[in-house]
Amino acid sequence: MPVFGLVDVNSFFCSCEELLNPKLKGRPGVVLSNNDGMAVARNKLAKALGIGLDPFHLNKKRWDELGVYYRSSNYPFYNEMTGRVMAVLENYAPKIEVYSCDEAFLDLNGIPNLDAHAREIKQVLLQYCGLPVGVGVARTKTLAKIANKLGKASKKAQGVLVLTDPKWIDIALERTDVEDVWGVGRRWAEKLRGCRIHTAKDLRDADEKMILKRFNVVLTRTVLELRGISCLPLLSGPPMSKSIRSSLSFGHLIEDYDELRQAISAYAAHSAHKMRMEGLACTSVAVGIETNPFLRDEPQYFNGMKLPLLCPTIDTSEIIKIAVLCLEQIYREGYRYKRGDVMVDGLIPASEMQWSLLDSHDPLETESLMAVMDVLNARYGPGTLRYGAEGFRKAWKMRQNYLSSVTGPGIGSEYQQTKKIVELGTAVQLVRAL
DNA sequence: TCTGGGGTCCTAGGACCC
DNA sequence: TCTGGGGTCCTAGGACCC
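A brief structural summary.

Criteria and cut-off values
Residues numbered from 1 in each chain as written. Chains lettered and ligands numbered in written order. Predicted model: local features only at pLDDT ≥ 70, side-chain atom pairs only at ≥ 80, totals over all residues. Heavy atoms only, no water. 1 Å grid on protein atoms, 1.4 Å probe; cavity = no way out; pocket = protein on both sides within 12 Å on 5 of 7 lines; lining within 4 Å. Points joined across faces, edges and corners; volume = space filled by probe spheres on them. Helix = DSSP H or I, 4+ residues; strand = E, 2+ residues; numbered from the N terminus. Nonpolar A, V, L, I, M, F, W, Y, C, P; charged D, E, K, R; others polar. Domains from an automatic or database assignment. Axes fitted to C-alpha atoms, helices over the stretch in contact; angles between N-to-C directions. Parallel < 35°, antiparallel > 145°, perpendicular 65-115°, else oblique. Left-handed = near helix turned anticlockwise from the far one by under 90°. Contact = heavy atoms within 4.5 Å. Near = heavy atom within 4 Å.

## Concerning the layout of surface pockets
- Computed from the structure, the largest pocket encloses a volume of approximately 1100 Å³.
- As for the largest pocket, its lining consists of 42 residues, and the residues nearest its centre are Asn 10, Ser 11, Lys 44, Lys 47 and Lys 152.
- Of all the elements in the fold, those that place two or more residues in the lining of the largest pocket are strand S1 (4–9), helix H1 (12–20), strand S3 (39–42), helix H2 (44–48), helix H5 (114–129), strand S7 (133–138) and helix H6 (141–153).
- With six residues, the single largest contributor to the lining of the largest pocket is H6.
- Across the lining of the largest pocket, the residue classes tally to 15 nonpolar, twelve polar and 15 charged.
- Domain assignment of the residues forming the lining of the largest pocket places at least three in each of domain 1 (4–9 + 78–226) and domain 2 (12–77).
- Taken as a whole, the second largest pocket encloses approximately 600 Å³ of empty space.
- Secondary structure elements with two or more residues in the lining of the second largest pocket: helix H3 (56–66), strand S9 (243–254) and strand S12 (337–345).
- In terms of residue class, the lining of the second largest pocket is made up of seven nonpolar, nine polar and two charged.

What follows is the structure, given as structure tokens:
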């Protein structure tokens, strides 16, 4: 039976700031967003004062009166601390899943004294990283989340809670509002309450067939997880990104097209950079812009556009070019824009770019390759090869399946499809050689 | 003047093909 | 020209997470 630990840093951003400046300790505090627009994090004392993630400019006076400290966010430093915390955690489990910047799931299967182990993790992180954490332990990830939360709330538990005793699980679930269950948001909580499901215990004891019918498989898995049946395995190693987005508010409202174009170009460059850092290439680029929805009296406009690329790219200038092309299409005069975003999508490993069968900038060659595609699509069936964004990723996935199928069992229809792709690749090589 | 910045997965429905 | 069933692919939108 699996055992999961969930370790998370208490008020991560604030704890980092207090680490840099110990004088802040013991005071309520918030960390502000980009442009100092609003609070994106707050510590326990601030929460106790009823401070939410609110706009800065509307609350500065009140926060000053309450003695709240506020800091601009310092993401490089938070990243650094994430790395240190995870490095320590590696010593306490054979496998860990870095779930977010301040959270990790641990595989604690086979650990004899779970409580002592969890307390040691907490103590060591405080000692070596200077950060306070909570640890929850249970049979499933969803239950570990609940254990973590209750461990923090309980004075007796001191931030560490092992939730494996069925009797205590019952009590814990009874005390947990259904909205606080991992995987249940506001919308579903509302709908669940309509079905007379108010607590985590109600959800656990609900009829899973009804949940599947009226909600979906995701929530059905949550029900099973609450019953102690693990449906969400530990995922070690970061998954390959499928899309990367830079989405930021502009410092001020932008009316001028040129200024907008420059901002979008910068976002595109940023996305391209992040993408290359992960060793990926994109097969489509999407851009979105919007006005400020909080300005009720102003005309509102939002729009987005996505363009597939003829071939995958890692080239910043090309990504910028496509992004600006999108922008030209969606830009409308007469609005004041508040934010924009650029997303690189349909990501594939840069090392697999040759799997783009149309990786030529020569129009004549591209045309002949397309002709080959048409012929082969006619022969092997439509859709064997596409040049849309998804097509590249699918072709790449198929090849992955193919590679794993050669070394193991499981040769099926995917193998057949892969074979087509492989043959197609060969055919294109042949045409090129001509 | 001033309200975050990212991501994932699932599903329904339309387009298109045979 | 009309008709139908069965299938896949793609997109938009809705839900969730931090």
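## Some words on the packing of helix H12 (residues 257–277) against helix H13 (residues 316–330)
- Relative to each other, H12 and H13 sit at 140°, their axes nearing to 9 Å. Viewed along their axes, H12 and H13 adopt a mutual orientation that is oblique. Crossing of H12 over H13 shows right-handed handedness. Each of Tyr 257, Leu 260, Arg 261, Ile 264, Ser 265, Ala 268, Ala 269, Ala 272, Met 275 and Arg 276 in H12 lies in contact with H13, whose residues at this interface are Thr 316, Ile 319, Ile 320, Ala 323, Val 324, Leu 327 and Glu 328.

## What to know about the packing of H6 against helix H11 (residues 217–226)
- Here H6 crosses H11 at 65°, and the two axes come no closer than 7 Å. Classified by the angle between their axes, H6 and H11 sit roughly perpendicular to one another. Facing Lys 141, Thr 142, Leu 143 and Ile 146 of H6, the residues of H11 in contact are Thr 222, Glu 225 and Leu 226.
- For the contact of H6 with H11, a count of residues per class yields three nonpolar, two polar and two charged.

## Overview of the protein's contact with DNA strand B
- Of all residues adjacent to DNA strand B, which total 25 residues, the nearest are Asn 34, Lys 242, Arg 245, Ser 247 and Arg 339.
- The sugar and phosphate moieties of DNA strand B supply 73% of its atoms located within 4 Å of the protein.
- Those elements giving two or more residues to the surface near DNA strand B turn out to be H11, S9 and S12.
- In terms of residue count, S9 provides more of the surface near DNA strand B than any other element does, eight residues in total.
- Split into classes, the residues belonging to the surface near DNA strand B amount to eight nonpolar, eleven polar and six charged.

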